[in-house]
Amino acid sequence: MSTILDSRGNPIKPDKKVLSENIANAHITSVRNPRPNSVASTITPQRLAGLLRSVVDGNNPQDYMTLAEEIEERDLHYASVLRTRKLAVAALPPSVEAASDDAFDKKLADEVRQLMESDQIPELFFDLLDGLGKGMGVCQILWDTSGGRWTPNDYSWVDPRYLRPDADTLSKILLISDDAPQGKPLDPYKFIVHLPRTKSGSIWRNGLTRLCAVMYMLKSFTIRDWWAFAEVFGIPIRVGKYGPNATPEQIATLKNAIATIASDSGAIIPDSMMVELVETAKGNGGDTLFENMARWADEQTSKAVLGQTMTTDDGSSRAQATVHNEVRLDIAKWDARQLEATINEYLVKPFIVLNWGVQKAYPRVCIRVPEPEDLKLLVDSLMPLVDRGLRVSESAMQDKFGLGAPKPDEATLQPLSTMQVQAVQPLALNRQQPQRLAINRIQQPSEQAIEQLTEEAMSDWVEVGGDDFMNPIIELADNSATFEEFNAGLLALQDTLTAEQFTPQLADYLFRMRGMGDAQDA
C-alpha cells in the first residue's frame, strides 16, 4: 500500500478527492476573489513603502502580489526581461537519471522519463518560475487514479494572492479558503512549491518585484511627466490675430478656427484675420531628460533581472555582450538547479511513493543549461594538435557540430587539398608494395615523409636487383691489391653492369616527390 508522510514524517492516508480536484480556484463570493483592486495605478512612495513592510509582517501580502502582477502587465521592459529569464530555463528539455544501475531503479527512471515527456511539463516549469518575480511559485497536481495508478492529469497554477504566511514563524505558506480565512497548511503531495532564492532571508522578502518596484514607480512618474512635457513643448502654439474693428462674432469665429486646427488641421476664417503656428522651444534639454531617466530605470531593471544590460540596451559591443552573457548563463544555471530540486522533491518523489512506495533513493530530473561554444576557435585549436598526432573522436566532434555519422554509401565532403592531389595522382604501378606512402597524405611533416620514402627506396633496392649489381663490385674490391687495380677493374665492369633496372624506380620516386611538393605549395 502506498504511504504518504506529512511534514513530521507521520503516515497519512491519501485522499483521492482532495488530490484529484482543484482546491485553490477562485470565486467571486469567496475570500479568493478573482477581481482584486488595482494597486499600481495609485502607487506612491508612501504607499509602496507601507506595502513592502506589510508583506514582510504578513499583514497584507495580497496587495504586494497584485502589484507584482500589474507591473508585469504595465512595464514592457520588465515583462520582457523577466520572460527572457523564465524561458531560459522553462524551454529546456529535462533529462532523467536513475538512482543506480539496478533494474528496478532503471524502471522507475523510465516511468519518470515518460512523465517528463508530457505536454504539460513546459507550462508547469513556466508557472513555477513565476516565483522569480513574486518570490514563490505554487502549482497544484491534479492526480488521476482511473487507470489503477497515480498519474498527474494536469497542473494548475495557484494565484499567490491567496497565500499567507503563518502567524508564528512567518516562514510557512498557508492557503486561504472560506473554511480557513487566515489560511491552512498546503496538503502534502498536492502542491508543488517553488521558492527561487534570489537572496538569503525570508521568503516573503524575496522576488525580483521587490527589487524593481521602486524603478517601476520612478519610471511611471517619468513617463507621466514626459507626456505632459510633450503636450506643452511638443505642439506648436496656435496664435490668432484680428483687427481692432473685429466684432464679437468674428472673434468667436477665430477661436473656433484655432480649436478646429488642433483637431482637423484646417479652418475657415475671414481675410481680415490671421492664424500663426509658433514653434516652441525645446525646454532647455527636457526633450532628452525624460528619455534618459526612463532608460536609466530600464537599465537598473535589466541588472536586477538578467544580471547585465549588454543584451537588452544599445551601445554595447559584441565582445562586451559575450562576457556579460556568461554572467547571465550563471544565473540561468542557478535557476535550473533550483527548479530541478523542486521538481524532484514535490513531483518525482510523490509520483514514486504513491505508486511504488517509499524508496531509499529516487530518480533525479536534471535540467542542464547548454553553454555556448565558439566552434571556430575549437577547430583552429585542434587542427595543429591533430597534425602532431593527437587522436580526436569523430563522433565527439560530430556531436559538437550537431552532425550525424555518414552512411557507408553516402557521398561525403573531402578536404580541398586532397581533391587537388587526387587530380594529379599517377597511375598505379604494375606491382603493389606493402606500406607504400600515398601521395595524398600531405598532412605529414615533410621530414617524416622524406624519411619514409628513403626507407621504402632502400627496401626496394634489393627487390629490383641491388645485390646483383653490387656483388661484382664488392668481389672486385676484395680481390684487388691496390687502388689502381680496383679502378682498372671498374672500367671493365662498365661493359657488363647497367642501371636499366633502377630507372623505373627512380622515376617513380621522383614523380611522387614532385606531386607531394606541388600539393604542399597549393
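Criteria and cut-off values
Residues numbered from 1 in each chain as written. Predicted model: local features only at pLDDT ≥ 70, side-chain atom pairs only at ≥ 80, totals over all residues. Heavy atoms only, no water. Core = buried A, V, L, I, M, F, W, Y, C linked by side-chain atoms within 4.5 Å. Buried < 20%, exposed > 50% of the residue type's maximum accessible area, 1.4 Å probe, protein only. Helix = DSSP H or I, 4+ residues; strand = E, 2+ residues; numbered from the N terminus. Contact = heavy atoms within 4.5 Å. Phe/Tyr/Trp six-rings, centres within 6.5 Å; stacked < 30°, edge-to-face > 60°. Lys NZ or Arg CZ within 6 Å of the ring centre and 35° of its normal.

**Topic: the nonpolar core**
- By size, the foremost hydrophobic cluster in this structure holds 73 residues, and its most contacted members are Met116, Leu124, Ile343 and Leu347.
- The element best represented in this core is helix α11 (residues 318–356), accounting for 11 residues.
- In contact with Leu347, other than residues within four places in its own chain, are Leu115, Met116, Leu124, Ile141, Pro152, Tyr155, Ile192 and Thr342.

**Looking at the packing of aromatic side chains**
- Applying the stated criterion to the full structure yields 3 aromatic pairs.
- Between the aromatic rings of Trp143 and Trp150, the centroid separation amounts to 6.2 Å while the plane-to-plane angle is 80 degrees, which identifies the pairing as edge-to-face.
- Given the relative accessible area of 3%, Trp143 is considered buried.
- Since its relative accessible area comes to 9%, Trp150 is described here as buried.
- Aromatic pair Phe351 and Trp356: ring centres 5.6 Å apart, planes at 75 degrees, arrangement edge-to-face.
- Looking at Phe351, the relative accessible area reads 2%, which means it is buried.
- Its relative accessible area of 23% is what places Trp356 among the partly exposed residues.
- Above the plane of the ring of Phe126 lies Lys86, whose end atom (NZ or CZ) is 5.1 Å from the centre.

**A few points about unusual backbone geometry**
- Of note in this structure, Leu170 is not a glycine but carries a positive phi near 55 degrees.
- Mapping Leu170 onto the fold places it in the loop between β6 (163–165) and β7 (173–175).
- The partly exposed category is assigned to Leu170, whose relative accessible area is 29%.
- Its identity is not glycine, yet Tyr189 carries a phi of approximately 65 degrees, on the positive side.
- The buried category is assigned to Tyr189, whose relative accessible area is 14%.

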